[in-house]
Amino acid sequence: MTWCCDASAWIGLTKGGPRHCCLRNNGLGKRGQAMSDKMLKFVNTDKEMPEKRGAGDRVADFDEIYNEFDVASAETQASRCSQCGVPFCQINCPLHNNIPDWLMLTAEGRMEEAYKLSSQTNNMPEICGRICPQDRLCEGSCVIEKGFESVTIGAVEKHITETAFENGWVQPPQPVAERGESVGIIGAGPAGLAAADMLREKGYQVTVYDRYDRVGGLLIYGIPGFKLEKHVVQRRHKLLEDGGVTFRLNCDIGTDISFDEIREAHDAVLVATGVYKARDISAPGIGMGGIVPALDYLTASNRKSLGDEVADFDSGLLNAEGRNVVVIGGGDTAMDCVRTAIRQKANSVTCLYRRDRANMPGSQREVANAEEEGVDFRWLSAPQAFLGDNHVRAVQAQKIHLGQPDATGRQVPQIIEDSSHEIPADLVIKALGFDPEDIPTMFGAPELEVSKWGTIGVDWRTMMTNLPGVFAAGDIVRGASLVVWGVRDGRDAAESIHSYIMAQSEAPRVAAAGA
């Protein structure tokens, strides 16, 4: 346990460990008393989000919809934190961010310290602050939610990191000493980038391989700019590159380089490819033209926004302009699709989801944003067939009733007889989730063990696969999940890789000593 009266010293000593400090014990010392004057303002200060652009304004572009907090607003909203003894916001954050502490530092105007503390547990807080579903995680766990509304955590996190960038406090990875060992990371998404950052800080020579032409994975091509502007991802890429991380892009494992070659070139390998195989639906007419996977649609839109030539967009295949669009699904990807279609000036946009609003897996905040922008939600509705000749013209849908819960606790959707109806559609987007690709076959590594779902099997204590020195992290291990879980897995894998390499380097010495 570390006790001190100086926050900067405490930050340097704990390194994300136990959160014991007089800063959060009001009765201990002058600084504790100052804290009590700044915090617990939720009683007389209402929750506020950063100003949100009007729906009519924001649907005309792909810019982020929330403006940034100014200094006074960020300090005021941070001061609403109750500094509770058991911080459920921190407990229910996958990264266990020290949220109450950096909220307090923000309220006190100590922004550099707030950033240092925030970045100790999160390699990309400026991204998580923008796209995490805080209403399901930290803010949804806030103990003042009932009656007073939660603290505005995500927007303050974004403010902290953007302030740090403006002031030059964000620096590339700076290892104290270089190491000779190298690590190869396959995948430049959240898990891969987080691991690269951690390993480079320890001095390892890190090479990141990715099949795409830009760094970021779904951050760059899957998530639309109105949630995450692409310069934010590119800025993080540049930081890692400036810190000595090598990127090999447009590199397809199994085609441009073999998996065995990567294993031979490095002391350890991390597989962090993500999951990209779109789930499909079985219904009459599914093979007609005008029915497309969500990721193809979002990638085309994002590439167009980045200035690329996209033939399928220009031809109209993946462009919603002037069309009646139906999106099937209820997760965050479905919300990205419906809101993208609105910005592409679709004639109409309908979201078809087989459960009700309360059971949607996506963020309720995103649903509200979509409704403001003109999306028509058809709850408790499921596709029965797709109508048309060679090209879809309508979705035949059925009404759904939620029956008794199944073994998972979720109510089972049941079709209501004689409830069929048509929804006009000449572009249908399937946003039904993602499954893993066949990694052993793609990599030419049939010995790599996978689960019955196709995810790579690991020992969760070490993140190592059944192959010595080969680790895996992120969606390819846990299935399609949140960015923040990818960051968490990447950090955990980096620590395990470091332990593995250290053990390997010690093995000859230990063997010699025992001889």
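Residues numbered from 1 in each chain as written. Predicted model: local features only at pLDDT ≥ 70, side-chain atom pairs only at ≥ 80, totals over all residues. Heavy atoms only, no water.

Some remarks on a nonpolar patch on the surface
Part 1 of the argument: A cluster of nonpolar side chains, namely Val86, Phe88, Ile91 and Val143, defines an oily patch on the protein surface of about 330 Å² accessible area.
Part 2 of the argument: One can find Ile91 in helix α5 (residues 88-91).
Part 3 of the argument: The exposure class of Ile91 is partly exposed, given its relative accessible area of 44%. (Patch = residues over 30% accessible without salt bridge, like charges linked within 9 Å, V, L, I, M, F, W, Y side chains within 5 Å. Areas by Shrake-Rupley, 256 points an atom, 1.4 Å probe, with all protein chains shown as cover. Salt bridge = Lys/Arg side-chain N within 4 Å of Asp/Glu carboxyl O. Helix = DSSP H or I, 4+ residues; strand = E, 2+ residues; numbered from the N terminus. Buried < 20%, exposed > 50% of the residue type's maximum accessible area, 1.4 Å probe, protein only.)

So, the packing of aromatic side chains
Part 1 of the argument: Following the criterion strictly, the structure yields seven aromatic pairs and no others.
Part 2 of the argument: Considering the side-chain rings of Tyr212 and Tyr276, the 5.8 Å spacing of their centres and the 45 degrees angle between planes classify their relative orientation as tilted. Taken as a pair, Tyr212 in the loop between β2 (205-209) and α12 (218-221) and Tyr276 in the loop between β4 (268-271) and β5 (277-278) lie far apart in primary sequence, 64 residues in all.
Part 3 of the argument: Judged by its relative accessible area of 24%, Tyr212 is partly exposed.
Part 4 of the argument: Ring geometry for Phe377 versus Trp379: centroids 4.9 Å apart, planes at 10 degrees, classification stacked.
Part 5 of the argument: Looking at Phe377, the relative accessible area reads 10%, which means it is buried.
Part 6 of the argument: Given the relative accessible area of 23%, Trp379 is considered partly exposed.
Part 7 of the argument: Ring-pair connections join several aromatic residues into one group, and the members of that group are Tyr212, Tyr221 and Tyr276.
Part 8 of the argument: In this arrangement the basic side chain of Arg211 is found over the ring face of Tyr276, its NZ or CZ atom lying 5.1 Å from the centre. (Phe/Tyr/Trp six-rings, centres within 6.5 Å; stacked < 30°, edge-to-face > 60°. Lys NZ or Arg CZ within 6 Å of the ring centre and 35° of its normal.)

Purely geometric numbers; function is a separate question.
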